[in-house]
Amino acid sequence: MYYKEIYILVYFAANIFEHLYMQEKLTVIYIISDRRSGSTLLENMLSKSREILSVGELAMLKGHIYKEGPGELWNWNCSCGKPVMQCEFWSKVLKGIYDDNFETKITWQYKSVQLLLSSFTSINSKSTLQKLINTKRNKQTVQVLNEVYKALGNISDKKFIVDSSKDPIQALAITKCVDINVKLIWLTRDLRAITFSKLKRWKQNKRSDKKPLETLIDSFRYKKVCNAVIKNVGEKNTIKISYEALAEKPQQQLDNICAKFGLADYQAPEYMELNNDHTIAGTPGRFEKKVIAADNSWKDFYKQHAMLNALGKVFNAL
Ligand SMILES: [Zn+2]
């Protein structure tokens, strides 16, 4: 009987300890989405909570330091206008972390057939996804990211960090960071809108000659990968939000996110604007102050593309 009582006591003590420890851990709210889906808008809206520090797309941090990859339009500077290593915020964060092995981007083969199939059927999706993130290089990256998140928490003194890196596999990988809790927001958007917006952006940048159908199919595949990751992480730590609902009823959607992840409610902003932010990457339009409203400029395009429109509707439903 005596042993039994000790056992119960130890059991409760362990539970309380675990509870306190989990409470104290920094929480990273990671936004999963395709490109051109409003992730910068959501990131900016979340940054208005006093409990949150938003850092933009952390996966792009190394690229911004080296001035490589996406970011040329703003010369890979922090949103404060300074190069990352000269920015007062990031230079503090990176002190003692930045070295020759510094890497912030998880790498994976987008068109991995196995991954694609598994995300459609859910058979073996767990082991396939784990295989993708468990490479030697990715494991090292996870360790670096863990240190960066910790430093972000210490320097900002915030309990929540928002990372809008978008990449679903990166999201799954950071669930392996030992010192943080990870919550995921999957921001979806009508695939027809995503396709139109990608094509428009590529045309402006003269970067890609992908056709509309190919772009729509690619966007659908990407959605399936996001879905597989969300399933893998589980309902408790994930929430799905649509861009359309966010732009039309921002307060309602922010309230849903706050309730789900234990944040205090706060007033939704009317404008998307940067205020003393030190964010990495994001949509090129983020430097202008803009009223928050749904962008429906894609709809006219589909009046001339009936088949694509129909296929897009089917893909949306799947
Ligand atoms: Zn800065």
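Since the structure is predicted, the reported quantities are computational estimates derived from the model, not experimental observations. (Residues numbered from 1 in each chain as written. Predicted model: local features only at pLDDT ≥ 70, side-chain atom pairs only at ≥ 80, totals over all residues. Heavy atoms only, no water.)

Q: Explain the overall build of the protein chain to me, using residue names and the numbers behind them.
A: Scanning the protein chain from terminus to terminus reveals 13 helices and 7 strands. Rg of the C-alpha trace for the protein chain: 21 Å, near the compact-globule value of 20 Å for 318 residues, within the 12% margin. With the principal axes as the frame, the protein chain shows a C-alpha extent of 80 × 45 × 40 Å. Within the span of the protein chain, comprising 318 residues, buried residues form 51% of the whole. Restricting the contact set of the protein chain to residue pairs at least 6 apart, pairs at least 24 apart contribute 78%. Accessible area of the protein chain: about 17100 Å², with a carbon and sulfur share of 53%. (Helix = DSSP H or I, 4+ residues; strand = E, 2+ residues; numbered from the N terminus. Rg over C-alpha atoms; globule rule 2.2 N^0.38 Å. Buried < 20%, exposed > 50% of the residue type's maximum accessible area, 1.4 Å probe, protein only. Contact = heavy atoms within 4.5 Å. Areas by Shrake-Rupley, 256 points an atom, 1.4 Å probe, with all protein chains shown as cover.)

Q: Tell me about the coordination of the zinc ion, residues and numbers included.
A: Within the first shell, the zinc ion binds the protein through Cys78 (SG), Cys80 (SG), Cys87 (SG) and His278 (ND1), at distances of 2.1 to 2.3 Å. Around the zinc ion, the 4 donor atoms sit at angles spanning 96 to 120°, and that spread fits a shape best called tetrahedral. For the zinc ion, the donor residues sit on a single chain with the sequence spacing C-x1-C-x6-C-x190-H. With Cys78 in the loop between α3 (61–66) and α4 (88–94) and His278 in the loop between β6 (271–272) and β7 (290–291), this pair connects stretches of sequence that are 200 residues apart. Accessibility assignment for this pair places Cys78 and His278 in one class, buried. (Donors = N, O, S within 2.8 Å, 3.2 Å for Na, K, Ca; no water. Tetrahedral: all angles 85-135°; square planar, octahedral: opposite > 155°, others 65-115°.)

Q: Residues and numbers for helix α2 (residues 39–46), please.
A: Among the 8 residues of α2, 8 are classified as buried, and the element is accordingly described as predominantly covered. Looking only at α2, the buried set comprises Ser39, Thr40, Leu41, Leu42, Glu43, Asn44, Met45 and Leu46.

Q: Can you tell me about the pairing of strand β1 (residues 26–32), naming the residues and giving the values?
A: Counted residue by residue, β1 has 7 buried out of 7 residues, so it is predominantly covered. A two-sided burial pattern is seen for β1, the buried positions comprising Leu26, Val28, Tyr30 and Ile32 on one face and Thr27, Ile29 and Ile31 on the other. As judged from the 7 bridges shared by β1 and strand β4 (residues 180–188), these two strands associate in the parallel manner. Residue pairing for β4: Tyr30 is matched across the bridge by Leu184. Looking at chain direction, β1 and strand β3 (residues 160–166) are connected through 5 bridges and run parallel. Residue pairing for β3: Ile29 is matched across the bridge by Val162. (Pairing = 2+ DSSP bridges.)

Q: Break down the packing of aromatic side chains for me, citing the residues and quoting the values.
A: The final tally for this structure, using the stated rule, is 6 aromatic pairs. Note on Trp298 and Tyr302: the rings are 5.8 Å apart at their centroids and 75° apart in plane angle, and the pair reads as edge-to-face. Here Trp298 and Tyr302 have matching classes, each one buried. Every member of this aromatic cluster is reached through a ring pair, and the members are Phe196, Trp298, Phe301 and Tyr302. Here Lys62 stacks its cationic end above the ring of Tyr66, 5.1 Å away from the centre of that ring. The residue whose ring lies beneath Arg286 is Trp74, and the NZ or CZ to ring-centre distance is 4.2 Å. (Phe/Tyr/Trp six-rings, centres within 6.5 Å; stacked < 30°, edge-to-face > 60°. Lys NZ or Arg CZ within 6 Å of the ring centre and 35° of its normal.)

Q: Which residues make up the sheet that holds β3, and what are the values?
A: If you trace the 5 strands from one edge of the open sheet to the other, you get β2-β3-β1-β4-β5, paired in parallel fashion. The sheet is open, and its two edges are formed by β2 (52–54) and β5 (238–242), each paired on a single side. The sheet shows a mean angle of 25° between the axes of neighbouring strands, taken without regard to direction. Relative to the sheet, helix α10 (residues 212–233) contacts β1, β3, β4 and β5, its axis offset from that of β4 by approximately 145°. (Axes fitted to C-alpha atoms, helices over the stretch in contact; angles between N-to-C directions.)

Q: Which residues make up the side chain of Arg192, and what values go with them?
A: Considering the arrangement of structural elements, one finds Arg192 in helix α9 (residues 191–205). For Arg192, a relative accessible area of 11% corresponds to the buried category. At a separation of 2.7 Å, a polar atom in the side chain of Arg192 contacts the side chain of Asp190. Residues within four places of Arg192 in sequence aside, it is in contact with Trp298, Tyr302, Asn309, Gly312, Lys313 and Asn316. (Polar contact = N/O pair within 3.5 Å; in protein donor to acceptor, adjacent residues only side chain to side chain.)

Q: Residue-level account of the side chain of Arg286, with values.
A: Mapped onto the elements, Arg286 comes out in the loop between β6 and β7. One buried charge, Arg286, has no salt-bridge partner; the nearest side chain with opposite charge is Glu43, at 6.3 Å. In this structure the side chain of Arg286 is engaged in a polar contact, spanning 2.9 Å, whose partner is the backbone oxygen of Thr283. When near neighbours in sequence (up to four residues on either side) are disregarded, Arg286 contacts Thr40, Trp74, Met272, Leu274 and Ala281. (Lys, Arg positive; Asp, Glu negative; His and termini not counted. Salt bridge = Lys/Arg side-chain N within 4 Å of Asp/Glu carboxyl O.)

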